[in-house]
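# Commentary on secondary and tertiary structure
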Amino acid sequence: MTTDSNPVTGVSVPDTKLAREATELVRDTTSDLVYHHSRRVYLFGAVQGRNRDLSFDPELLYIGAMFHDLGLSERFHSSGRRFEVDGADEARRFLRAREVPEDSIRRVWTAIALHTTPGVPEFMEPEVALVTAGVEYDVLGIGYDDISAADRSRIVALHPRPDFKKQILGAFTDGIRPKPETTFGNVKADVLEHYVPGFERGDFVRTILDSPWPE
């Protein structure tokens with residue numbers, strides 16, 4: 001597998017037809033914010049995979065990273081599903097159309113669907129674990145010092161993050177505001193509680209107590 005230019009200490013974006021088509025699709029259908037974030041997620045995830053001596057498929061990790069926030073797009077606002085599932089399904093359609101093996105598709109789908117479910121992906125296949133690791137690094141700064149300042153600077157130079165904290169929170173808000181019910185039991189309820197007046201987060205205890213069971 002060849003790689004494109006601008007390697008980051010031995011980690012580069014796969015230069016395959018599949019990866020190039022994924023890049024083009026994401027470039028054409030998302031904002032600069034999501035594009036650069038998704039590329040950083042791949043690079044940060046790949047560096048962490050290298051540092052942890054994990055054997056992973058760079059192409060599958062790249063597809064998972066590039067599609068992981070696609071479900072925030074306006075065309076999914078009325079889907080009624082979690083944005084993670086919308087992105088995962090789009091990746092599955094993309095990969096099936098190119099006759100990628102089903103086990104590879106399953107890994108990419110799972111990586112995207114679980115990328116906001118902490119405490120689970122790290123115990124799964126490397127591609128699943130590393131998409132979440134890349135997301136947590138870029139968005140939350142988890143394990144910030146696990147990547148060298150030099151690698152971090154190279155990646156951010158390639159894919160800048162101007163005002164990223166506020167910009168990504170805005171993208172989350174816009175993507176899930178139309179379907180607030182999808183935040184029940186996951187971290188995105190925090191986003192709507194901060195930025196959407198009148199939002200009431202689901203209460204797990206209340207849901208149990210108010211269920212139709214008679215006892």
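Look above for the structure.
So, a few notes on the structure that sits alongside this text. (Residues numbered from 1 in each chain as written. Predicted model: local features only at pLDDT ≥ 70, side-chain atom pairs only at ≥ 80, totals over all residues. Heavy atoms only, no water.)

## As for the overall build of the chain
Stated precisely, the cut-off is as follows: Each helix is a run of H or I in the DSSP string that is no shorter than four residues. Each strand is a run of E no shorter than two, and both are numbered from the N terminus. For the radius of gyration, the atom set is restricted to C-alpha positions; the globular benchmark scales as 2.2 Å times the number of residues to the power 0.38. Relative accessible area decides the class of each residue, using a 1.4 Å probe on protein chains only: under 20% of the type maximum gives buried, over 50% gives exposed, and in between gives partly exposed. Reported accessibility uses the Shrake-Rupley method at a 1.4 Å probe radius. Residues are deemed covered only where the shown protein chains occlude them. Positive charges come from Lys and Arg alone, negative charges from Asp and Glu alone, with His and the N- and C-terminal ends not counted. A single reference atom marks each charge: NZ on Lys, CZ on Arg, CG on Asp, CD on Glu.
Of regular secondary structure, the chain possesses ten helices and zero strands. Its helices and strands in sequence order give the chain the pattern α-α-α-α-α-α-α-α-α-α, from N to C terminus. A compact globule built from 215 residues would reach a C-alpha radius of gyration of about 17 Å, and the chain, at 18 Å, matches this within 12%. For the chain, buried positions account for 47% of its 215 residues. Split by element, the accessible area of the chain, about 11,000 Å² in all, is 54% carbon and sulfur. Of the charged side chains in the chain, 26 are positive and 35 negative; the average position of the first set lies 3 Å away from that of the second.

## Structural notes on a nonpolar patch on the surface
Selection criterion: Patch rule: a residue counts if its relative accessible area is over 30% and it has no salt bridge; like charges are joined within 9 Å, and nonpolar side chains (Val, Leu, Ile, Met, Phe, Trp, Tyr) within 5 Å. By convention in these notes, a salt bridge is any Lys or Arg side-chain nitrogen within 4 Å of a carboxyl oxygen on Asp or Glu.
Among the surface-exposed residues, Phe184, Phe204, Val205, Ile208 and Leu209 lie close enough to one another that they form a single nonpolar patch of about 520 Å² accessible area. Tracing the backbone through its elements, the reader meets Ile208 in helix α10 (residues 204-209).

## Looking at the environment of Thr116
To keep it simple, the criterion reads: Contacts were defined at the residue level, with two residues in contact if any of their heavy atoms lie within 4.5 Å.
Tracing the backbone through its elements, the reader meets Thr116 in the loop between α5 (102-113) and α6 (126-140). Thr116 gets classed as buried once you look at its relative accessible area, which sits at 9%. Taking the C-alpha atoms as reference, Thr116 lies 25 Å from Pro14; in sequence the two are 102 residues apart. Sequence-distant contacts of Thr116, defined by excluding residues within four places in its chain, comprise Arg82, Phe83, Glu84, Val187 and Lys188.

## Quick look at the side chain of Lys179
Inclusion rule: Within 3.5 Å is the distance limit for a polar contact, defined as a pair of N or O atoms, with the added protein rule that one can donate a hydrogen and the other accept it, and that residues adjacent in sequence qualify only through two side-chain atoms.
Take Lys179: it is sitting in the loop between α8 (164-176) and α9 (188-195). Separated by 2.8 Å, the side chain of Lys179 and the backbone oxygen of Arg81 make a polar contact. Polar side-chain contacts of Lys179 include one of 2.9 Å to the side chain of Asp86. Beyond its immediate stretch of four places on either side in the chain, Lys179 contacts Gly71, Phe76, His77, Ser79, Gly80, Arg81, Arg82, Phe83 and Asp86.

## Digging into the packing of helix α1 (residues 17-29) against helix α3 (residues 58-67)
Packed helices, taken two at a time, are described by the angle their axes make and the gap between the axes. Filter applied, for reference: Note on method: axes are straight lines fitted to C-alpha atoms, helices fitted across the in-contact stretch only, with angles between N-to-C directions ranging 0 to 180 degrees. Roughly parallel refers to an angle under 35 degrees, roughly antiparallel to one over 145, roughly perpendicular to one between 65 and 115, and oblique to any angle outside these ranges.
Close contact between α1 and α3 brings their axes to 10 Å; oriented N to C, the two are set at 5°. The pairing of α1 with α3 is recorded here as roughly parallel in orientation. Counted together, Leu18, Ala19, Ala22, Thr23, Leu25 and Val26 of α1 and Glu59, Tyr62, Ile63, Met66 and Phe67 of α3 form the full contact between these two elements.

## Brief notes about unusual backbone geometry
Backbone geometry places Asp53, a non-glycine residue, at a positive phi of 60°. Here Asp53 shows up in the loop between α2 (32-51) and α3. For Asp53, a relative accessible area of 70% corresponds to the exposed category. Although it is not a glycine, Glu99 sits at a positive phi angle of roughly 60°.

## Digging into the packing of aromatic side chains
Aromatic ring pairs are described here by two measures, namely the spacing of the ring centres and the angle between the planes. Under the convention used in this document: Aromatic pairs are defined between Phe, Tyr and Trp rings, using the six-membered ring for Trp, whenever the two ring centres lie within 6.5 Å; interplanar angles under 30 degrees are classed as stacked, those over 60 as edge-to-face, and all others as tilted. Both a distance and an angle decide whether a charge sits over a ring: NZ of Lys or CZ of Arg must be within 6 Å of the ring centre and within 35 degrees of the ring normal.
A complete count under the given rule lists four aromatic pairs for this structure. Ring geometry for Tyr42 versus Tyr62: centroids 5.3 Å apart, planes at 85°, classification edge-to-face. Placement of the pair is Tyr42 in helix α2 and Tyr62 in helix α3, with a sequence separation of 20 residues. By relative accessible area, Tyr42 is classed as buried at 1%. When the ring of Phe44 is compared with that of Tyr137, the centres are 4.6 Å apart and the planes differ by 45°; the resulting orientation is tilted. Of this pair, Phe44 sits in helix α2 while Tyr137 sits in helix α6, placing them 93 residues apart in sequence. Classification of Tyr137 by relative accessible area gives buried; the value is 3%. Through pairs of rings, three or more aromatic residues link up here, namely Phe44, Tyr137 and Tyr144. When the ring centre of Phe164 is taken as origin, the NZ or CZ atom of Arg40, which lies over that ring, is 4.7 Å away. Here the basic side chain of Arg152 rests over the ring of Tyr144, its NZ or CZ set 3.9 Å away from the ring centre.

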